[in-house]
Amino acid sequence: MIWNETVECMDRQRLRDLQSVRLKRVVERVYHNCEPYRKRMQEAGVSPSDINGIEDIAKLPFTSKQDLRDYYPYGLLSSPLSEIVRIHASSGTTGKPIVVGLTRNDLSVWSEVGARCLTAFGLGKNDTVQVAYGYGLFTGGLGAHAAVENIGGTVIPISSGNTQKQILMMRDLGAKALACTPSYAMYLAEAMEASGYPREDFQLRVGVFGAEPWTEEMRRTIEAKLNIKAYDIYGLTEIMGPGVGYECECQHGTHLNEDHFFPEIVDPETGEPLPEGSHGELVFTTLTKEGMPLIRFRTHDLTALHYEKCKCGRTLVRMDKIMGRCDDMLIIRGVNVFPSQIESVLCEAEEFEPHFFITVDRVNNTDTFEVKVEVKPEYYKDDMKGMLELKKSITHKIQNVIGIMPDVKLVEPRSIERSEGKVKRVLDKRVFKN
Amino acid sequence: MANDNMIVKQLSVFLENKTGRLNHVAEILGKEGINMTAFSVADNSDFGILRVIVHEPERAAKILRDHLFAVSLTDVICLKISNKAGSLSSVLSILEKEDIYIEYMYAFSEGDDANVVIRPDKFEECLAALKKNNIVMWNREQIV
Ligand SMILES: [Zn+2]
């Protein structure tokens, strides 16, 4: 099902025309209403009259995450505070949080793009959706909430945490869909198994998962454990929370709502735009945002974009699964390591749980790289040799994928923390030593 | 198996190599009134396998699993030999002659007796060889 066929299946030339008009408008807006943007454009020698269409976008300077911290809290608003009706913020692991302000119109765009996502997942007015993303400053809860209301579905605004209550509500209220982070879905799946309620007690059939990168293997694990179809809903606080992109029934990449959020792929080192289909850093320009439009915002997400029309009929660009974040990326002994790579190895190895914890340290000028993993309870054996072989085999599998040898530690069942929100899976002790 | 009763169920518990884990197991079993008749730990730098002989292995396994431990039940044989020089060696010679390999063993002595827990690769042959040579074995009910 398609929520807004006019846009989602729009001829690409017409879409570019629409993007061009909107880009000109948003550049005018930030130039005249937001001091830091005006200054930066002047420094770069660009004025709004240089932007005649979407093809001119590369003339504009980038915006970084650091800018959002530097102009905390309201320095990047392009609307007066009287027009702002909602604040969201992301906690940020270091220092100040990032704050965004949304106008009434921004909220209506958000619920429009959210409705496109849920409709693509096969949800509609007859469906009950349990929103187990956190409600509050985090965009997940309220973003998904507005999307469900817009399609006329029934929201269970349960927010995150309180797993036993989640299971009870899901069962008693007959939730058809669960919206939460994929790591919480894994956690919930284990808790449902442990609860002893038979699967027939639940009507769950769709997962609306996002807010953190996840792998294809993780999808298969969740789908098998919960017996549902799991879809990716993409979003980021700075741009718009959940609803920036979504998977259709083909699950052949994530369609981006590019009539509102214009994507580019650039070289993460040089910032040069890369040719179609290349892997690189994803950059977004919000074409219609009023409260806090962002021009060429560097997401630090690494991916690639594909422009051929999708089998589902949509013409909206498709984004590959996010490979990782430049921020999440660890450089260990000179090699780039993404935690998601380790996750995919574990999901494929049937003797292991998908949970892990990485500790990186520096001893005698050499990086140490420890990965704690859990063997599934039924695979622990009274056989030292067998256990050591299991450890050796997973060590080699990880080494094959990332290129360096991890120091694997087998740990007791359920001793790696299961997260109810975003997962903390890495401890880099080197940062305390510099 | 005719000698069924002579095969004793041993608890095998996976433990991380950090202080307090073994004590934690002992505490849990102690609280439930389960006595560890014999135990041994095989370990390497990051984990160990705790092997325990108790009176009610199935109940003990369930209790430990409820505490999230990874527990399996393993068949072993418990021998009673005299606590003096050379008696272990004579038993091992019997098994060696029959080409029976011992994956692991551990022993504890009390007074004049020594008790040896063995995990042979061939159970039938092992039991037959021990019987033929009049080696005394514990049956399940004797473990308290
Ligand atoms: Zn599609």
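Predicted, not measured: the structure shown is a model, and the values here were computed from it. (Residues numbered from 1 in each chain as written. Chains lettered and ligands numbered in written order. Predicted model: local features only at pLDDT ≥ 70, side-chain atom pairs only at ≥ 80, totals over all residues. Heavy atoms only, no water.)

### Section: the overall build of chain B
Step number 1: When you go through chain B residue by residue, the secondary structure sums to four helices and seven strands.
Step number 2: Reading chain B from its N terminus to its C terminus gives the helix and strand order β-α-β-β-α-β-α-β-β-α-β.
Step number 3: Relative to all contacts within chain B whose residues are 6 or more apart in sequence, the contacts with residues 24 or more apart total 69%.
Step number 4: Surface exposure of chain B reaches about 7400 Å², of which carbon and sulfur atoms provide 49%. (Helix = DSSP H or I, 4+ residues; strand = E, 2+ residues; numbered from the N terminus. Contact = heavy atoms within 4.5 Å. Areas by Shrake-Rupley, 256 points an atom, 1.4 Å probe, with all protein chains shown as cover.)

### Some points on the overall build of chain A
Step number 1: If you tally the helices and strands in chain A, you get eleven helices and 21 strands.
Step number 2: Counting every position in chain A, which comprises 434 residues, the buried fraction comes to 56%.
Step number 3: Here the contacts in chain A between residues at least 6 apart in sequence split such that 66% fall between residues at least 24 apart.
Step number 4: Per element, the accessible surface of chain A, about 18300 Å² overall, is 50% carbon and sulfur. (Buried < 20%, exposed > 50% of the residue type's maximum accessible area, 1.4 Å probe, protein only.)

### Observations regarding the side chain of A:Ser344
Step number 1: Inspection of the secondary structure puts A:Ser344 in helix H10 (residues 339-348).
Step number 2: Setting aside residues no more than four positions away along its own chain, A:Ser344 makes contact with A:Thr215 and A:Glu217.

### Quick word on the nonpolar core
Nonpolar side chains in soluble globular proteins tend to be buried together.
Residues and elements named next belong to chain A.
Step number 1: Leu 23, Leu 60, Tyr 234, Ile 239, Val 244 and Phe 284 are the most contacted members of the largest nonpolar core, which totals 43 residues.
Step number 2: Listed by contribution, the elements that provide at least two residues to this core are helix H2 (12-33), helix H3 (35-44), strand E2 (98-103), helix H5 (104-120), strand E7 (229-236), strand E10 (261-266) and strand E11 (280-286).
Step number 3: Broken down by element, this core gets its largest block of residues, five residues, from H2.
Step number 4: Once residues lying within four places of it in the same chain are set aside, the contact partners of Tyr 234 are Gly 241, Pro 242, Gly 243, Val 244, Gly 245, Thr 254, Leu 256, Leu 282, Phe 284, Asp 301, Met 319 and Ile 322.
Step number 5: Val 345, Phe 352, Leu 390 and Ile 402 belong to the second-largest nonpolar core, a separate cluster that totals 31 residues. (Core = buried A, V, L, I, M, F, W, Y, C linked by side-chain atoms within 4.5 Å.)

### A closer look at the interface of chain A and chain B
Step number 1: On the side of chain B, 20 residues touch chain A, which itself brings 16 residues to the contact.
Step number 2: Summed over both sides, the interface of chain A with chain B buries roughly 1400 Å², with 59% coming from carbon and sulfur.
Step number 3: When the buried area of chain A at its contact with chain B is split by residue, A:Asp382, A:Met384 and A:Glu412 rank highest and sum to 50% of it.
Step number 4: Summed over the shared surface of chain A and chain B, the result is three salt bridges. (Buried area = accessible area lost by both parts, 1.4 Å probe. Salt bridge = Lys/Arg side-chain N within 4 Å of Asp/Glu carboxyl O.)

### Here we look at the confidence of the model for chain B
Step number 1: Averaged over every residue, the pLDDT of chain B is 89; the share at 70 or more is 97%.
Step number 2: What the predictor reports for the complex is a pTM of 0.66 with an ipTM of 0.85. (pLDDT = per-residue confidence, 0-100.)

### Some points on the sheet that holds strand E20 (residues 407-411) of chain A
All names here are of chain A.
Step number 1: A sheet is described by the order of its strands in space; here four strands give the open sequence E20-E19-E18-E21, paired in mixed fashion. Every interior strand has two partners, whereas the edge strands, E20 and strand E21 (426-428), have only one. Taking each pair of neighbouring strands and ignoring which way they run, the sheet shows an average axis angle of 15°.
Step number 2: Where strand E18 (residues 352-363) and E21 come together, three bridges link them in parallel fashion. Counted as the bridge partner of Ile 358 is Val 426 from E21.
Step number 3: Helix-sheet contacts for helix H11 (residues 384-402) involve E18, strand E19 (366-375) and E20, and the interaxial angle to E20 is about 135°. (Pairing = 2+ DSSP bridges. Axes fitted to C-alpha atoms, helices over the stretch in contact; angles between N-to-C directions.)

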